[in-house]
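Summary of the model geometry
Each chain, letter by letter, is given below.
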Amino acid sequence: MNIAILGSGHGSNAEAILAAHAAGQLGRARVTGVFCDIPGARISELGPRYGVPSFQPDAGPFKTKFPPSVEADWAKAIQETGADFLVLAGFMRVIKQPLLDAFPGRVINLHPSLLPAFPGLDAIGQAWRHGVKVSGCTVHYVNATVDGGAIIDQAAVRREDGDTLESFAQKIHAAEHILLPSVIVRLSAVAFPS
Ligand code: GAR
């Protein structure tokens, strides 16, 4: 399974994947490239650090979506790296037809809540303000509904009495860094059964 990682920001989840990859702990998955849509984002520094090509194709004039022709260009650029699977790790742009059609059933996303609770932006803040005692993170397949595709796996995180929003968020991010690489390892075993 040849994966491309797509992200927009800090890239801590991309880094968890790249570190596992560099350590030979990403199962049968190989990372072909890291794609970033925000100039200057930290994630774009990570590929070279881990020996993986980094790409920053023009993403068009909008912040949260692609114009269709630009999205088709992204699909082509990603395919040219040899990728056959997409991992959205903090990619804050909705992806639709051209990309989903280029990787049918082969796009997964990480979300920082126990979906279907708290979809959309600021999921950790939403859960915190709601006062939930347990939240967590989800890896799911991507379809045309935002945060709505089939759930692959989840990890739960308890909100303890002494938690602040920051400490709660930190625990959720730590859980993400374990969950996402572990899902990739499992999917790579299915893609290449021995
Ligand atoms: C992660 O918490 C991820 O779950 C979230 O963005 C963060 C990216 O962090 N994604 C979403 O909210 C998508 N709806 P990172 O850039 O440090 O990996």
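Report on the accompanying structure. (Residues numbered from 1 in each chain as written. Predicted model: local features only at pLDDT ≥ 70, side-chain atom pairs only at ≥ 80, totals over all residues. Heavy atoms only, no water.)

Now for the pairing of strand E4 (residues 85-88). Where burial is concerned, the two faces of E4 agree: the one with Phe85 and Val87 and the one with Leu86 and Leu88 are both buried. Here strand E1 (residues 2-7) runs beside E4; their pairing, made up of four bridges, is parallel. Within E4, the residue paired with Ala4 across the bridge is Leu86. Crossover connection from E4 via helix H4 (residues 97-102) to parallel strand E5 (residues 107-111): handedness right-handed. (Buried < 20%, exposed > 50% of the residue type's maximum accessible area, 1.4 Å probe, protein only. Helix = DSSP H or I, 4+ residues; strand = E, 2+ residues; numbered from the N terminus. Pairing = 2+ DSSP bridges. Right-handed = clockwise from strand over helix to strand, strands pointing away.)

What follows covers the sheet that holds E4. With mixed pairing, the seven strands of this open sheet are ordered in space as E3-E2-E1-E4-E5-E6-E7. At either margin of the open sheet sits one strand with a lone partner, and together these are strand E3 (54-55) and strand E7 (151-158). Bridging between strand E2 (residues 30-36) and E3 involves two bridges; their strand directions are parallel. The partner of Val34 across the bridge, within E3, is Ser54.

Near the ligand the following residues occur: His10, Gly11, Ser12, Asn13, Gly90, Met92, Leu110, His111, Pro112, His173 and Glu176. Gly11 places a polar main-chain atom, nitrogen or oxygen, 2.7 Å from an oxygen atom of the ligand. Summarising the interface, the protein chains cover 86% of the accessible area of the ligand, which totals 450 Å² for the free molecule. Listing elements by their share of the shell around the ligand, those giving two or more residues are helix H1 (12-22), E5 and helix H6 (165-191). Residue composition of the shell around the ligand, grouped by class: three nonpolar, seven polar and one charged. (Near = heavy atom within 4 Å. Polar contact = N/O pair within 3.5 Å; in protein donor to acceptor, adjacent residues only side chain to side chain. Areas by Shrake-Rupley, 256 points an atom, 1.4 Å probe, with all protein chains shown as cover. Nonpolar A, V, L, I, M, F, W, Y, C, P; charged D, E, K, R; others polar.)

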